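Chain and residue survey
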Amino acid sequence: MGLLALGTPLPWDEARKHADQVRDLGIKQLLQIWNKYRKNERDVLLWGDEVEYLVVAYDEETKNARLSLRQAEILAELARGENLRKAGGGVPDVQEAVDVSEPLPTFHPEFGRFMLEATPGAPFGLTWKDLLAVEGNMKLRRAIAREHMAENEAPITLPSFPMLGTKGVFTQPYYPPTGPQSRSQFIPDEAINPHIRFPTLAANIRSRRGMKVAINMPIFYDENTPRPFNDPTIDYDRHLYPEDDDVRNGAAKEGHIYMDAMGFGMGCCCLQITFQAKNITEARQLYDQLCPLGPVMLALTAASPIFKGFLADIDVRWNVISGAVDDRTEEEKGLKPQRDSRYVIPKSRYDSVSTYISQDPALRPEYNDLDLVIDKDIKRRLVGNGMDERLATHFAHLFIRDPLVIFRETLGESPDDKADHFENIQSTNWQHMRFKPPPPGGNIGWRVEFRSMEIQVTDHENAAFAIFIVLLTRAILSYGLNFYIPISKVDENMATAHYRDAVLTKKFWFRKNLFPPRKPAANGSRTPVPSCPGTPPPVEDEYTLMTIDEIMNGRQDEFVGLIPLIESYLNTVNVDVITRCELAGYLSLVSKRASGELQTGATWIREFVRNHPDYKKDSAVSQSINYDLIKAVEVLGNGQGREAGLGDKLLGEFN
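Anyway, here's the lowdown on the structure attached to this text. This one's a predicted model, so the numbers in the text were calculated from it and none came from an experiment.

1. With respect to the overall build of the chain
The helix and strand inventory of the chain stands at 23 helices and 19 strands. Seen through its principal axes, the chain has C-alpha atoms that stretch 80 × 60 × 55 Å. Per-residue burial over the chain gives 60% buried out of 655 residues. For the chain, the share of sequence-separated contacts (at least 6 apart) that also reach a separation of at least 24 residues comes to 75%. In the structure as shown, the chain presents an accessible area of about 26,000 Å², 50% of it carried by carbon and sulfur atoms. Here the chain contributes 76 positive and 91 negative side-chain charges, whose respective centroids are spaced 3 Å apart.

2. Quick word on the environment of Gln289
Here Gln289 is to be found in helix H9 (residues 280-290). The exposure class assigned to Gln289 is buried, which follows from its relative accessible area of 1%. Separated by 69 residues in sequence, Gln289 and Ser358 place their C-alpha atoms 9.1 Å apart. Every residue in contact with Gln289, bar those within four places of it in the chain, is listed here: Asp360, Ile476, Leu481, Asn482, Phe483 and Tyr484.

3. Some remarks on helix H6 (residues 197-209)
Compared with the 18 Å implied by 1.5 Å per residue over 13 residues, the 18 Å span of H6 between its first and last C-alpha is a close match. Of all 13 residues that make up H6, twelve are buried, and the element is covered over most of its length. Every buried residue of H6 is listed here: Arg197, Phe198, Pro199, Thr200, Leu201, Ala202, Ala203, Asn204, Ile205, Arg206, Arg208 and Arg209. Positive backbone phi, at 85°, marks Gly210, one or two positions downstream of H6.

4. Regarding the pattern of salt bridges
Taken as a whole and assessed by the stated rule, the structure comprises 49 salt bridges. For Arg142, the salt bridge is made with Asp459, and the minimal N-O distance between the two is 3.0 Å. Of this pair, Arg142 sits in helix H5 (residues 128-147) while Asp459 sits in helix H15 (residues 459-479), placing them 317 residues apart in sequence. For the pair formed by Arg142 and Asp459, the shared burial category is buried. Salt-bridge contacts for Asp375 lead to Arg342; the nearest nitrogen and oxygen are separated by 3.4 Å.

5. Some thoughts on the pairing of strand S4 (residues 115-119)
When you tally the buried positions in S4, you get five out of five residues, the bulk of the element. Burial of S4 is two-sided: the residues Met115, Glu117 and Thr119 facing one way and the residues Leu116 and Ala118 facing the other way are all buried. Direction of pairing for strand S1 (residues 46-59) relative to S4: antiparallel, over a ladder of four bridges. Looking across to S4, one finds that Val51 is bridged to Ala118.

6. Side note on the nonpolar core
Trp47, Phe435, Phe468, Phe510, Met552 and Leu562 are the most contacted members of the largest nonpolar core, which has 190 residues in total. Broken down by element, the residue count for this core peaks at 13 residues, all from H15. For Phe435, the residues in contact, after removing those within four places along its chain, are Ile280, Ala283, Arg284, Tyr287, Ile357, Leu391, His394, Phe395, Gln426, Trp446, Arg447 and Val448. Judged by nonpolar contacts, the second largest core, of six residues, contains Leu10, Trp12, Ala15 and Leu411.

The rules we used
- Residues numbered from 1 in each chain as written.
- Predicted model: local features only at pLDDT ≥ 70, side-chain atom pairs only at ≥ 80, totals over all residues.
- Heavy atoms only, no water.
- Helix = DSSP H or I, 4+ residues; strand = E, 2+ residues; numbered from the N terminus.
- Buried < 20%, exposed > 50% of the residue type's maximum accessible area, 1.4 Å probe, protein only.
- Contact = heavy atoms within 4.5 Å.
- Areas by Shrake-Rupley, 256 points an atom, 1.4 Å probe, with all protein chains shown as cover.
- Lys, Arg positive; Asp, Glu negative; His and termini not counted.
- Charge placed at Lys NZ, Arg CZ, Asp CG, Glu CD.
- Expected span 1.5 Å × (residues − 1).
- Salt bridge = Lys/Arg side-chain N within 4 Å of Asp/Glu carboxyl O.
- Pairing = 2+ DSSP bridges.
- Core = buried A, V, L, I, M, F, W, Y, C linked by side-chain atoms within 4.5 Å.

As structure tokens, this is what we get:
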């Protein structure tokens, strides 16, 4: 999760005094990177995925599935694994890298003390061998992680732990739900990774905004759910911290599940894909073209219907995380007249992209239709040093944010040949796409990170969605595809993606014609060539509302569909029959999720709960229901249980 550094972190009252200094140093570092690497050329696409695990611990006597807080001990065991280290895997944060041709996976800490992140030991290429190795690599990561855990522990791939923040015992070991960093009523500070960056991040977000974060997710009303629903877990009589007044002042909404800590959001897991492009131009193109796909893929991978022990009337994690790291003051939200704040900021730091950045002629000015808030001085500085206006606007928008964690020692050091101050702000802008400049001093190129997808229950699903996105990027670049719609419509789509069963019941704005304009060649041949620029049609005629089934699988003769596009691309390249069949299996899963033939993880989980014999049709998920659900998720994640029919609606019937 972003930049990990050691030092003396400044509390917010002191850190805010140095915010302009860090911004200035960050822009200096960005310009050094820009000048050094903007002409870099690479011929080969590299990519990799990030899989995040929840570590659960079972108490078989009480039939309780809890979150294990042994992240540090598990990472230490992984780092001590001699065979893993010799094969280039392990924990890079605490050990020296070993150069081997095919390194084993690597593991990394995350915000939650109950989380692990795992990545392939080296980036994948675009060979068919690499694509078909993804699922096996994910299975290997899960197996290695499990080998280094206690007997009663297991890694599972679920976006959110259903019982996080409930009144019962949901961690091992148990700690009372309090602490000076988050000051939460529901989550103990001990659930936060103890690395000093993480508790400081939680405390400084709370301090900067002047109150605890307030996350309200709508309750799913079942037959016996109280109406109106008022979250029964809230203690309105607690008086430990000044922020305990938040709930007495209306922080919790009627009809909603109330959450009050960063851990509810940053304790969620996701599936992220990072691409290294051949150069900065291609990276910017991929950033823009994948941007409209973000909300669609969020809805298609939906797997988060439970928060704080209640069924929610949403299916995804995104807005929970957005609220969990929203450091804006009431002035910055526009709720109070501006007095101390420089800007009114429409979005949280964790939100959808707000501007396209490519220099592609297909990017019409009308697509960047938001009234973008930028630091005008930073933009002038970037443009004055040779950066083009679109990219300068992008970074000037990111840099309206304050740095949240500043280490005292870094303020007096030379910023040259580093990226720490730049990453301080860049890495805490958690948008659904991230444009990543090369880190100084290495051989890494310009990268783009696709961040919206939910983690899936099984490695097969995670591999399918990763492979789908990779193949789609190849089709985009091969055919020069154009996915542009106004960025405001991407925002609308992101809101739509949160609805329960949005994949089947909602429509999303999407571009009608993905292909560049063509005309017959002048010599009379039928070979199409790009047409001469003419008067483009009105922007509003270029997109329409489509179901995700239509977006993925096509709409008769009106829209080709992304999966048929990928299949068309595969027809143009040299793929052997066996490889093509295996790729078809992954694409089939994505296709069937879009059509509704297979359930999303969210629908499967919701149905599991509602069909459980202990469920009282009151929206509440009990300890026994959670235990059985987590066991089922673990069994499926380990590739088991299919013979008995477990997961048929999620994965298809077992053959």
